[in-house]
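For reference, the chains in residue letters:
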Amino acid sequence: MVNLIPENPVDTCNPIRFADALNSRVITGLLHFLENAPVISTVHIARLKAWGAHGFTATGVVTAFLATLALLENQPTHCLLWLGVALIVDGLDGALARKVNVQSVLPSFDGSILDLVIDYLTYVFIPALFIYRYIPLPDYTLLLTVSLILVSSLFCFCNVNMKSKDNYFQGFPAAWNVVALCLYIIGPSPWITLLTVIGLALLTVTRMKFLHPFRVRRFMPINIAVTAIWLLCSLSLVLNHPVINPLVMGLWLLMSAYFLGICIWRTALEWFDGSRLK
């Protein structure tokens, strides 16, 4: 410990001499501290960045909790908004993790497992609860519908071939948060809803391609722009539900049609390429 009090008595009655002596001791103490302080290396900085990326991913579990609270408090709009926040976090955290090289910097911590745990909550479990509570279904089919959602999604999350080489999802990627949002906005008949859930659950085990707008490089600027417009339209439709602005609804449907068209185009492209090889 550095002694900041002069060893020799200082004339405290002389303000100038006292200030000079005190400043000298303070400067000496600061220099001693800086010389002996631990150095923050580039390795430490890299680890801090990597943990920061994991921390950003982990915020998804907080949004999942808040979405669940909204369900318990009978606030469907708030629930969808929190699921929307989780969707945005999930869309950005992968790029952030790759940018700071979390796999090489923190090899003992598997961020992909962290991501999957949170995704099952925000993409599957909470949306299933939302559908169970707020989306009309035929009588005696509630448990069947929710079970299809939960079980089919397990296959998706355990499928090691979930992604194609060009980063499209292979099979329906268990995006039940998007499905719940669409059902809430469109409000189809109960039987249409049931058939939609069954169809999407079956598509989980197929090789149909589904777009990942932040990973697929082809048309990426367009894909991201369409995604942004779709999210803004979704926000407007949810906040104003059940009142629908025709212009916003039309734009939202157009963006949704783009996603569907890209998925069908990419699936057909693979099918035609496979047919040629045969």
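As the structure is a computational prediction, the values presented were derived from the model and not from experiment. (Residues numbered from 1 in each chain as written. Predicted model: local features only at pLDDT ≥ 70, side-chain atom pairs only at ≥ 80, totals over all residues. Heavy atoms only, no water.)

1. Details of the nonpolar core
For the record, the criterion: Here, the term nonpolar core denotes a set of buried Ala, Val, Leu, Ile, Met, Phe, Trp, Tyr and Cys residues that are joined through side-chain atoms within 4.5 Å. Burial classes: relative accessible area under 20% of the type maximum marks a residue as buried, over 50% as exposed, and values in between as partly exposed (1.4 Å probe, protein chains only). Elements are defined by DSSP. Helices are runs of H or I of four residues or more, strands are runs of E of two residues or more, and each kind is numbered from the N terminus. Any two residues whose heavy atoms approach within 4.5 Å at even a single point are treated as in contact.
By size, the foremost hydrophobic cluster in this structure holds 53 residues, and its most contacted members are Cys 79, Val 124, Phe 130 and Trp 176. Taken together, the elements giving at least two residues each to this core come down to α2 (42-72), α3 (76-99), α5 (111-134), α6 (142-158), α7 (176-186), α8 (190-203), α9 (220-240) and α10 (246-277). Residue contributions to this core peak at eight residues, all from α5. Here Val 124 is in contact with Asp 119, Ile 149, Leu 150, Ser 153, Phe 157, Ala 174 and Trp 176, once residues within four sequence places are set aside. Ala 53, Val 100, Val 102 and Leu 106 belong to the second-largest nonpolar core, a separate cluster that totals six residues.

2. Side note on the pattern of salt bridges
Put simply, the rule is: Salt bridges are counted wherever a side-chain nitrogen of Lys or Arg sits within 4 Å of a carboxyl oxygen of Asp or Glu.
All chains considered together, the criterion is met by three salt bridges. With a closest N to O distance of 3.8 Å, Arg 207 and Glu 270 form a salt bridge. Here Arg 207 is found in the loop between α8 and β2 (209-210), whereas its partner Glu 270 is found in helix α10, with 63 residues between them in sequence. The partner of Lys 209 in a salt bridge is Glu 270, and the shortest N-O contact between them spans 2.7 Å. With Lys 209 in strand β2 and Glu 270 in helix α10, the pair connects residues that are 61 residues apart, well separated along the chain. Judged by relative accessible area, which is 27%, Glu 270 ranks as partly exposed.

3. Observations concerning a nonpolar patch on the surface
Rules: A patch consists of residues exposed above 30% relative accessible area that lack any salt bridge, with like charges linked at up to 9 Å and nonpolar side chains (Val, Leu, Ile, Met, Phe, Trp, Tyr) linked at up to 5 Å. Methods summary: accessible areas were calculated by the Shrake-Rupley approach with a probe of 1.4 Å, and residue burial reflects only the protein chains presented.
Nonpolar side chains collect at one region of the surface, where Ile 88, Leu 92, Phe 214 and Ile 224 lie side by side and expose about 310 Å² of accessible area between them. Mapped onto the secondary structure, Ile 224 falls in helix α9.

4. Things to note about α9
Note the following rule: The span expected for a helix works out to 1.5 Å for each residue beyond the first. This arc is taken over the directions from the axis of the helix to the C-beta atoms.
An ideal rise of 1.5 Å per residue puts 30 Å on 21 residues; α9 measures up with 30 Å between its terminal C-alpha atoms. Among the residues of α9, Asn 223, Val 226, Thr 227, Trp 230, Cys 233, Ser 234, Leu 237 and Val 238 are the ones counted as buried. Projected down its long axis, α9 carries its buried residues within an arc of 135°, all on one side. Away from its buried face by more than 90 degrees, α9 exposes Pro 221, Leu 232 and Leu 239.

5. Some points on the side chain of Ser 153
Spelled out, the test is: Residues adjacent in sequence count toward polar contacts only when both atoms are side-chain atoms; beyond that, a polar contact is any pair of N or O atoms within 3.5 Å, and within protein one must be able to donate a hydrogen and the other to accept it.
The topology assignment puts Ser 153 in helix α6. Within the local environment of Ser 153, its side chain forms a polar contact with the side chain of Trp 176, the two groups lying 3.0 Å apart. Setting aside residues up to four positions removed in sequence, Ser 153 forms contacts with Tyr 120, Val 124, Ala 174 and Trp 176.

Distances and angles like these do not, on their own, reveal function.
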